[in-house]
Amino acid sequence: MKEMRFDAAVVGGGAAGMAAALEFAARGLTCAVIEREEQLGGILMQCIHNGFGLIEFNEELSGPEFAERFEEKVRKTAITPLCSTTVIEMEVEGEEKVLSCVSSGLGVIRLRAKAVVLAMGCRERNRGNIRIPGSRPAGVYTAGLAQRLVNIEGYVPGKDVVIIGSGDIGLIMARRMSWVGCKVHAVVEILPYPSGLTRNIVQCLNDFGIPLYLSHLTTNIYGKDRVEGVEITPIENGALMLEKSFKIPCDTVLLSVGLVPENELSKNMGIEINPMTNGPYVDACLMTNIPGVFACGNVLHVHDLVDFVVEEARRAGAFAAEWLAGKRGGKEVRVKAGPNVRYVSPSKVAPARDNKLYLRTLVVKNDAVLEVKLNNKIVRQVKKSHVQPSEMITLTLGQAELEAAASAPDSVLEISIQ
Amino acid sequence: MKPGSDSFDVAIVGAGVSGANIARRLSAYELDVVLVEKEADVSFGTSKANSGIVHGGFHHNKKYLKARLELQGAMMFDRLKAELDFPFERCGIVVAAMHEDEMRPIEQLYMQGVENGVIGIEMCSRERMLELEPKLSEDCVGGLYAPGGGIVEPYRFVFSLVENAQKNGVRLMTGFAVESAKREGERWTVKAADGRSIKARYVVNAAGLFADEVSRAFGAEDFAIHARKGEYYLLDRMTKCKPARVVFPVPTSVSKGMLVIPTVEGTVLIGPTATAVQDKTDLATTREELDTILKSARNMIPSVSETDVITSFAGLRPFMEEDFYIEPSKKAPAFIQVAGIQSPGLTASPAIGEYVKDLLKKEGLKLVEKADWDPFVRKVPRAKDLSPYELDELVKKDPAYGEIVCRCERVTEAEIVEAIRRGHVTLDGIKYFTRAQMGRCQGGFCTYKILKIIMRETGMGWDEITKRGEGSSVLRGEL
Ligand SMILES: Cc1cc2nc3c(=O)[nH]c(=O)nc-3n(C[C@H](O)[C@H](O)[C@H](O)COP(=O)(O)OP(=O)(O)OC[C@H]3O[C@@H](n4cnc5c(N)ncnc54)[C@H](O)[C@@H]3O)c2cc1C
Ligand SMILES: Cc1cc2nc3c(=O)[nH]c(=O)nc-3n(C[C@H](O)[C@H](O)[C@H](O)COP(=O)(O)OP(=O)(O)OC[C@H]3O[C@@H](n4cnc5c(N)ncnc54)[C@H](O)[C@@H]3O)c2cc1C
């Protein structure tokens with residue numbers, strides 16, 4: 001069995017993995033990026049639509065173009081990309097982490113590194129996860145799989161489509177399927193508001209005249225061998241209106257019902273997972289409960305913009321590099337998701353410096369106020385003209401606001417939306 | 001037999017676990033045997049969607065044929081596993097009483113088990129139950145333990161049986177839906193819906209839910225098989241509720257109740273329900289039934305959580321009367337009925353193979369043992385069962401073991417190719433053989449890779465690939 005040794009190992013070569021790896025290279029540290037697919041880029045490679053990089057590059061790129069910019073940078077450094085290679089196990093051995101990786105060319109590699117950055121991305125929630133009853137014919141796909149089939153493999157999975165869930169991938173696929181000549185009959189969403197970005201509702205549904213059924217539950221899938229239709233039931237005041245159910249004939253159902261960070265490897269290694277994000281609990285340095293193991297990108301919590309992914313990943317890489325240089329975090333303050341907030345990531349802040357926080361609201365609201373309390377004292381209030389669960393909120397807190405925590409023991413920072 | 005000949009000594013209709021065991025048993029003799037199946041692959045009927053339990057021998061009275069065959073069949077599994085390389089484990093069975101009133105039926109089951117000669121069967125106190133199964137609810141008041149009960153992956157069992165039967169000369173014809181039959185002299189001519197036909201001296205009707213139709217096609221007994229649906233939930237292998245043994249509730253008069261089953265492959269099954277349905281192809285799951293399952297599973301094991309659900313499915317029990325109906329037809333010559341094979345059909349199936357072989361002998365079939373019968377199938381190494389060292393060695397011999405196709409169940413390209421070479425060319429066939437698409441993402445990541453491998457290995461076009469045979473095409477166009 002082959003052995004390899006690096007200062008740092010990055011698991012996953014998507015946007016997050018590449019951005020984190022570049023930080024190690026910039027500091028002269030040796031680093032490997034392990035990626036299961038043949039090329040780097042991750043999910044970006046199948047997102048051929050525009051809309052990436054507005055913050056990062058100040059222009060609108062397609063997913064592959066965005067990935068290419070990072071890949072070029074990676075190629076110019078001493079980073080070792082190990083593509084077509086899957087990490088199957090991670091263990092801690094003394095000061096080192098040992099990753100078992102497998103590829104057809106090299107067999108099993110025991111890759112040793114002092115620091116590890118997790119950047120495995122996420123997977124799509126599927127039919128079983130949301131328990132749609134009915135038969136199990138061919139023609140039910142997750143939207144991401146359909147996207148892969150159409151954009152990369154060149155196949156059309158079906159002609160008459162109903163999309164369940166109004167997540168971004170589903171919206172993008174509604175437009176994509178229309179472009180390739182399919183009829184998209186409906187997008188069905190259980191919640192009273194869409195779960196994708198507003199711009200996608202406009203550009204992908206409204207522009208194509210695709211109806212969006214909000215507050216509707218998919219109560220059945222019909223068809224013995226291939227999908228023949230779906231049954232949709234309105235929800236009124238929280239109750240299913242079964243007598244108002246109706247059937248939409250179709251041969252294909254695409255599911256866009258959310259993403260789940262892919263943390264089975266992490267769990268097996270002993271990393272603690274936050275049930276609100278399905279990603280690891282991390283401290284102010286994006287480090288998990290295992291010293292030297294960091295996390296960023298969609299494996300930490302699901303992001304809607306790749307620009308935020310790379311921003312977070314850069315910080316994870318930089319923190320890991322500092323950790324390798326012997327720097328250990330100072331005092332940290334626990335962060336709590338207060339009223340109307342689903343989660344805040346990371347779960348700790350360091351009062352001695354600037355902290356970037358990502359959070360998601362539980363509510364749709366106009367003229368909302370984001371309120372930050374330290375030990376029950378308001379330290380910041382931010383006006384937001386509109387908040388909704390599908391759009392992540394960013395917040396930077398600095399020394400000025402967190403000063404009081406430096407002296408008080410057991411401080412708690414609570415963030416809420418009023 | 002001359003290759004390509006369409007004349008056989010025995011034709012078996014239906015490649016479920018009954019037909020497969022009969023075929024494999026007959027493959028040990030100098031006979032020309034054909035196994036015909038209407039679906040695209042074997043085990044696509046009731047034998048693919050059931051609880052997968054090798055029962056403990058205490059549920060039924062020995063006056064029933066099904067109980068006698070269950071007891072005999074259950075004992076044959078260890079040997080079969082050694083020969084046929086399918087997942088099977090004797091993890092033991094507990095029956096949990098959740099109320100004092102349920103201790104009487106427990107006692108009756110115990111007495112029945114003792115009468116049936118079940119080895120090691122034990123009446124248990126509450127403490128003993130919680131020791132055997134710490135995940136059980138605190139409300140458990142006692143129960144029963146049958147250490148010999150086990151779990152099996154039913155489709156893998158059927159795949160191996162059929163593969164071994166084929167290795168020993170049995171011919172398999174899939175997509176062959178028996179429609180009509182005629183007796184001409186000493187032979188049956190059996191016609192399929194697609195126009196193909198075969199001839200056979202003896203015919204075995206092991207057509208599961210449709211054994212009634214097949215019986216009528218042969219002018220044999222007129223009976224009706226009804227379907228009783230059982231719905232299930234499958235839970236992720238990371239679930240915290242996985243018990244060490246199969247956990248049964250106290251049975252009711254119609255079914256053995258809803259169970260919590262630790263599958264051999266590490267996932268957890270909960271179910272099944274029991275509802276009569278009219279349509280014998282109706283495998284739809286329903287909201288109400290699925291809610292019932294969660295409730296009753298939680299009653300026994302409180303940590304069962306719906307967030308662990310990865311999929312749901314249903315199976316249909318072929319219900320006819322109280323017992324199996326296995327005997328030579330009284331109306332049609334050289335025609336053996338193997339019908340009404342409801343639970344414990346899977347457990348009993350190896351014994352059904354023996355029993356039918358003996359019936360055929362009584363009916364005049366000459367059985368001469370083959371000198372070169374080979375009881376083994378070639379084992380497929382599975383990446384997920386290997387240590388990193390073993391996997392490394394394997395990749396050196398076959399690099400396709402280094403390509404992980406299904407990340408959730410850790411299935412490599414080599415295993416997919418092996419499935420295809422052994423005749424499983426539908427997405428479901430590959431799923432049952434390899435477990436790819438069976439894990440938590442349910443094929444979200446690997447389906448496109450599998451499609452490409454099928455096309456490469458078989459030369460099939462994109463429009464020929466199906467989920468499980470005719471009508472279930474996967475792709476509808478090319479750009
Ligand atoms: C359909 C879709 C549309 C989007 N649209 C936009 C948009 O318009 N604008 C925008 O800004 N953002 C968009 N996003 C969001 C953004 O692109 C993603 O959030 C971002 O690319 C995620 O990067 P990541 O590196 O965290 O994850 P990924 O890109 O998923 O990368 C994870 C990588 O890890 C690899 N990996 C996982 N496990 C292992 C293992 N065990 N061994 C080896 N490798 C492993 C995977 O193969 C994968 O390549 C979209 C996302 C999707 C899915
Ligand atoms: C919900 C449920 C749970 C169960 N749990 C257990 C358990 O835990 N333990 C246990 O021991 N038993 C269990 N059973 C019972 C067991 O699954 C069945 O007894 C067994 O699978 C029956 O096998 P079979 O081969 O007789 O029928 P099948 O598997 O149905 O096979 C019959 C085959 O015949 C084919 N066929 C039908 N008509 C034609 C035709 N005209 N031409 C050609 N082919 C045809 C069908 O396609 C099918 O493949 C359970 C059953 C159900 C439904």
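Residues numbered from 1 in each chain as written. Chains lettered and ligands numbered in written order. Predicted model: local features only at pLDDT ≥ 70, side-chain atom pairs only at ≥ 80, totals over all residues. Heavy atoms only, no water.

So what exactly am I meant to see when it comes to the site of ligand 1 here?
Residues and elements named next belong to chain A. Surveying the vicinity of ligand 1 reveals 34 residues, the closest of which are Ala16, Glu35, Arg36, Gly51 and Val306. In this structure, Arg36 approaches ligand 1 through a side-chain N or O atom, which is 2.6 Å from a nitrogen atom. At 3.0 Å from a nitrogen atom of ligand 1 is found a main-chain nitrogen or oxygen belonging to Val87. Look at ligand 1: alone it shows 990 Å² of surface, and the protein chains cover 94% of it. Mapped onto the shell around ligand 1, the elements with two or more residues apiece are α1 (15-26), β3 (50-52), β6 (86-93) and α8 (306-324). It is α8 that contributes the most residues to the shell around ligand 1, three residues altogether. Split by residue class, the shell around ligand 1 holds 15 nonpolar, 13 polar and six charged. Each of domain 1 (2-123 + 260-329) and domain 2 (126-257) contributes no fewer than three residues to the shell around ligand 1. (Near = heavy atom within 4 Å. Polar contact = N/O pair within 3.5 Å; in protein donor to acceptor, adjacent residues only side chain to side chain. Areas by Shrake-Rupley, 256 points an atom, 1.4 Å probe, with all protein chains shown as cover. Helix = DSSP H or I, 4+ residues; strand = E, 2+ residues; numbered from the N terminus. Nonpolar A, V, L, I, M, F, W, Y, C, P; charged D, E, K, R; others polar. Domains from an automatic or database assignment.)

When you look at the pattern of salt bridges in this model, what are you seeing that I'm missing?
For side chains bearing opposite charge, pairing can occur when the charged atoms are close. Counted according to the given criterion, the structure contains 65 salt bridges over all chains. Here Arg75(A) makes a salt bridge to Glu71(A), at a shortest N to O gap of 2.8 Å. Taken together, the residues span about one helical turn, with Arg75(A) and Glu71(A) both in helix α2 (residues 63-75) at a distance of four residues. Judged by relative accessible area, Glu71(A) falls into the partly exposed class, the value being 22%. With its nearest N and O atoms 2.8 Å apart, the salt bridge here joins Arg422(B) to Glu418(B). (Salt bridge = Lys/Arg side-chain N within 4 Å of Asp/Glu carboxyl O. Buried < 20%, exposed > 50% of the residue type's maximum accessible area, 1.4 Å probe, protein only.)

What is the right way to look at the nonpolar core in this model?
A general tendency of soluble globular proteins is for nonpolar side chains to be buried together. In terms of nonpolar packing, the biggest core is built from 140 residues, with Ile12(B), Ile326(B), Val338(B) and Ile352(B) touching the most fellow members. Discounting residues that sit within four places of it in the chain, Val338(B) has contacts with Ser18(B), Ile22(B), Val204(B), Asn205(B), Ala206(B), Tyr325(B), Ile326(B), Ile352(B) and Val356(B). (Core = buried A, V, L, I, M, F, W, Y, C linked by side-chain atoms within 4.5 Å. Contact = heavy atoms within 4.5 Å.)

So what exactly am I meant to see when it comes to the site of ligand 2 here?
Residue and element names in this part refer to chain B. Around ligand 2, the structure places 37 residues, and the nearest of them are Ser18, Glu37, Ser47, Ile341 and Thr347. In the environment of ligand 2, a nitrogen atom lies 2.8 Å from a nitrogen or oxygen atom belonging to the backbone of Ile53. Here Thr347 contributes a side-chain N or O atom positioned 2.6 Å from an oxygen atom of ligand 2. Those elements that provide at least two residues to the shell around ligand 2 are α1 (17-26), β18 (309-319) and α9 (345-362). By residue class, the composition of the shell around ligand 2 is 17 nonpolar, 16 polar and four charged. Inspection of the shell around ligand 2 shows a minimum of three residues originating in each of domain 1 (1-88 + 152-225 + 320-379) and domain 2 (89-151 + 226-319).

Please clarify how the pairing of strand β19 (residues 325-328) of chain B should be interpreted in this entry.
Every regular strand shows the same layout, with side chains that alternate between the two sheet faces. Residues and elements named next belong to chain B. Of the strand pairs in this sheet, β19 and strand β20 (residues 335-339) are connected by four bridges, and their pairing is antiparallel. By the bridge assignment for β20, Pro328 is matched with Ile336. Adjacent in sequence and paired antiparallel, β19 and β20 are bridged by six residues, among which Ala334 carries a positive phi angle near 50°. (Pairing = 2+ DSSP bridges.)

When you look at unusual backbone geometry in this model, what are you seeing that I'm missing?
For the peptide bond that leads from Ser345(A) to Pro346(A), omega is 0°, which places it in the cis range. Relative to the assigned elements, Pro346(A) resides in the loop between β25 (341-345) and β26 (348-349). Phi is positive for Asn375(A), which is not a glycine, with a value near 45°. Here Asn375(A) shows up in the loop between β28 (365-374) and β29 (377-387). A positive phi angle, close to 50°, is found at Gln442(B), a residue other than glycine. Relative to the helices and strands, Gln442(B) is located in the loop between α12 (427-434) and α13 (447-458).

What's the story with helix α4 (residues 143-153) of chain A in this structure? I'm lost.
In an α-helix, one turn spans 3.6 residues; hence positions three or four apart end up facing the same way. Extensive coverage of α4(A) is indicated by the burial of ten of its eleven residues. For α4(A), the set of buried residues is Ala143(A), Gly144(A), Leu145(A), Ala146(A), Gln147(A), Arg148(A), Leu149(A), Val150(A), Asn151(A) and Glu153(A). Those residues of α4(A) hidden inside the fold are in contact with β9 (122-124), β10 (140-142), β11 (155-156), α5 (168-179) and β19 (252-255) of chain A together with α13 of chain B. Just downstream of α4(A), Gly154(A) is the residue with a positive phi angle, here 80°.

Could you clarify how one ought to interpret the domain arrangement of chain A in this entry?
Residue and element names in this part refer to chain A. In terms of domain boundaries, chain A breaks down into domain 1 (2-123 + 260-329), domain 2 (126-257) and domain 3 (334-417). Averaged C-alpha coordinates put domain 1 and domain 2 at centres separated by 32 Å. In this assembly, nine residues from domain 1 lie in contact with eleven residues from domain 2. In terms of surface lost to domain 2, no three residues of domain 1 exceed Gln46, Ile48 and His49, which account for 60% of the buried area on that side. Between the two partners, domain 1 and domain 2, sit zero salt bridges. At the junction of domain 1 and domain 2, the tally comes to four residue pairs in polar contact (both at pLDDT 80 or more). Taken together, the residues of the side of domain 1 that touches domain 2 break down into four nonpolar, three polar and two charged. (Buried area = accessible area lost by both parts, 1.4 Å probe.)

For this particular structure, what's the right way to read helix α9 (residues 399-407) of chain A?
Residue and element names in this part refer to chain A. Looking at α9, one finds that the buried residues are Glu401, Leu402 and Ala405. Buried residues of α9 fall within an arc of 65° about the axis and therefore sit on the same side. In α9, those exposed residues whose orientation departs by more than 90 degrees from the buried face are Ala400, Glu403, Ala406 and Ser407. (Arc of directions from axis to C-beta.)

What should I look at first to understand the packing of α5(A) against helix α6 (residues 198-205) of chain A in this one?
Between two packed helices, what matters for the description is the angle formed by their axes and the separation of those axes. All names here are of chain A. Running from N to C, α5 and α6 cross one another at 20°; their axes reach a closest spacing of 8 Å. When the axes of α5 and α6 are compared, the pair comes out roughly parallel. As for how α5 packs across α6, the hand of that crossing is left-handed. Contact residues: α5 offers Asp168, Leu171, Ile172, Ala174 and Arg175, while α6 offers Asn200, Ile201, Gln203, Cys204 and Leu205. Looking at side-chain class alone, the contact of α5 with α6 contains six nonpolar, two polar and two charged residues. (Axes fitted to C-alpha atoms, helices over the stretch in contact; angles between N-to-C directions. Parallel < 35°, antiparallel > 145°, perpendicular 65-115°, else oblique. Left-handed = near helix turned anticlockwise from the far one by under 90°.)

Could you clarify how one ought to interpret empty space enclosed by the protein in this entry?
Any empty space left between the atoms is revealed when a probe the size of a water molecule rolls over them. Residues and elements named next belong to chain B. Evaluated as defined, the whole model comprises two cavities of 30 Å³ or more. The space that makes up the largest cavity amounts to roughly 70 Å³. Taken together, Leu84, Asp85, Arg156, Phe159, Ser160, Glu163, Val377, Arg378, Val380, Arg382, Arg422 and Phe433 make up the full set of residues lining the largest cavity. No other element matches helix α6 (residues 154-167), which puts four residues into the lining of the largest cavity. (1 Å grid on protein atoms, 1.4 Å probe; cavity = no way out; pocket = protein on both sides within 12 Å on 5 of 7 lines; lining within 4 Å. Points joined across faces, edges and corners; volume = space filled by probe spheres on them.)

Looking at this structure, I do not really get the domain arrangement of chain B. What am I missing?
One frequently used descriptor of interface size is the decrease in accessible area upon assembly of the parts. Residue and element names in this part refer to chain B. Domain annotation of chain B identifies domain 1 (1-88 + 152-225 + 320-379), domain 2 (89-151 + 226-319) and domain 3 (383-458). Just the C-alpha atoms count here: the centres of domain 1 and domain 3 sit 29 Å apart. Residue-level contacts link eleven residues of domain 1 with eleven residues of domain 3. Taking both sides of the interface into account, the surface hidden between domain 1 and domain 3 amounts to around 940 Å²; carbon and sulfur atoms contribute 53%.

Is there a simple way to think about the sheet that holds strand β12 (residues 160-164) of chain A in this case?
Strands belonging to one sheet form pairs held by backbone hydrogen bonds; the direction of such a pair is parallel or antiparallel. Residues and elements named next belong to chain A. In space, the five strands of this open sheet follow the order β10-β19-β12-β13-β14, with parallel pairing throughout. Looking along the sheet, the strands with just one partner apiece sit at the ends: β10 and β14 (212-213). The pairing of strand β13 (residues 183-188) with β14 spans two bridges and is parallel. In the strand pairing of β14, Val188 is matched with Tyr213. Running at roughly 170° to β12, α5 makes contact with β12, β13 and β19 of the sheet.

Is there a simple way to think about the environment of Lys330(B) in this case?
Residues and elements named next belong to chain B. Among the structural elements, Lys330 can be located in the loop between β19 and β20. Owing to a relative accessible area of 69%, Lys330 belongs among the exposed residues under this scheme. Counting along the chain gives 110 residues from Lys330 to Ala220, while the straight-line C-alpha distance between them is 7.4 Å.

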